[in-house]
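# Residue-level structure breakdown
One letter stands for each residue in the lines below.
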Amino acid sequence: AKGAGKNQWRRYQRHLHDEMVERLELRSALDHAVNEGHFLLHYQPIVDLASGVAVGFEALVRWSHPQRGVITPDQFIEVAEESGLVVPMGRWVLEEALRTVSEWRRVLPPGQAPYVTVNVSVRQFREAGFVDQVRTALHHTGVPPQSLMLEITETLLMKDDEQRVWSDLSTLREMGIRIAIDDFGTGYSSLGYLRQRPIDVVKIDKTFIDDMVTSPQPLALVSGIVSLARNLQLTVVAEGIEDVAHRDLLVQLGCPLGQGFLFSSPLGPTEVLAWMTGTTV
Ligand code: C2E
Ligand code: CA
Ligand code: CA
Ligand code: CA
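Computed from a prediction, not measured in an experiment: that's the story for all the values here. (Residues numbered from 1 in each chain as written. Chains lettered and ligands numbered in written order. Predicted model: local features only at pLDDT ≥ 70, side-chain atom pairs only at ≥ 80, totals over all residues. Heavy atoms only, no water.)

Next up on the list: the site of ligand 1. As a structural note, the neighbourhood of ligand 1 is formed by 21 residues, with Q44, R62, K206, E242 and F261 the closest of them. At 3.0 Å from a nitrogen atom of ligand 1 is found a side-chain nitrogen or oxygen belonging to Q44. Between E242 and ligand 1, the recorded distance is 2.5 Å, taken from a side-chain N or O atom to a nitrogen atom. Protein contact buries 80% of the 790 Å² of open area that ligand 1 shows by itself. At a threshold of 2 Å from the grid points, most atoms of ligand 1 map onto the largest pocket. When residues of the shell around ligand 1 are assigned to their parent elements, the largest contribution, four residues, is made by strand β2 (residues 54–65). Within the shell around ligand 1, the residues separate by chemical class into nine nonpolar, five polar and seven charged. (Near = heavy atom within 4 Å. Polar contact = N/O pair within 3.5 Å; in protein donor to acceptor, adjacent residues only side chain to side chain. Areas by Shrake-Rupley, 256 points an atom, 1.4 Å probe, with all protein chains shown as cover. 1 Å grid on protein atoms, 1.4 Å probe; cavity = no way out; pocket = protein on both sides within 12 Å on 5 of 7 lines; lining within 4 Å. Sits in = over half its atoms within 2 Å of the grid points. Helix = DSSP H or I, 4+ residues; strand = E, 2+ residues; numbered from the N terminus. Nonpolar A, V, L, I, M, F, W, Y, C, P; charged D, E, K, R; others polar.)

Following this line, the structure appears as structure tokens:
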């Protein structure tokens, strides 16, 4: 029995060791990708639920790996966060998203270009000069601040040095940029808490949208968020809408905006233009 225990321990250590090596390899590959610019952005429409018209697009990063092809963030965002590589990657994401919007603005009729919303890691706020970085990127691309929204995840926000992040968010909002709380409902903040905060949009996490059709608790939560948000003059986006039943229920609840595979999966930048002009590529 003693020998068996020892073997188990060795297997466990080997497992830990393999995992560590894997993470280190991923980290160094990611470092390389940041230096070489091996990323691309896909854009998922945010739709006015009543009319079906796209009002904005969320920029979602992909790693374009020379051997392994296109890799989605669930495979690397955690390592990017831990290693801090999310900071230079995030800078590229912001600049690329704004370059793309400026292109949409050039091509589409005036007033018809959608806004872009960009995911920002709390780590990006820890670096001094994030606000300046955003200001400079807007200036270089000529995109008005009203065409940019920044998304920050609820749970990350609660964990971090709040004061610093919130004061940066206030400054950005005063510039005319909209601020969204992402994955709302997964943390422990209440909408009342958000009342005094510099926020424009609440994005309800997919898990609640998934379950609200069949269970009363998530339904009550979604319904509560929608009505409270209206009182606080916040906009609501429901995430991960996959079927008509979800959409219909959300419209009934008075939820203005949504995104999900029902409308479209994330698209390449030229597919976005095709979507906006109603043509096919
Ligand atoms: P998120 O911000 O909550 O983004 C929504 C995710 O849900 C996206 O996954 C999107 O493709 C997926 N999605 C959208 N509609 C549906 C649906 O109807 N059903 C299902 N099952 N999924 C749907 P993606 O692109 O893999 O991104 C995953 C996460 O990675 C994002 O979650 C976000 O937290 C993070 N992320 C993505 N891009 C960036 C970025 O540029 N910077 C940072 N810091 N994080 C990013
Ligand atoms: Ca997001
Ligand atoms: Ca989300
Ligand atoms: Ca999410």
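Still more to cover.
A separate point is unusual backbone geometry. Look at D183: it is not a glycine, yet its phi comes out positive at around 55 degrees. The topology assignment puts D183 in strand β6 (residues 178–184). The phi dihedral of Q233 falls on the positive side, at around 60 degrees, and the residue is not glycine. Relative to the elements of secondary structure, Q233 occurs in the loop between α10 (216–231) and β8 (235–238).

These values are about where atoms sit, not about what they do.
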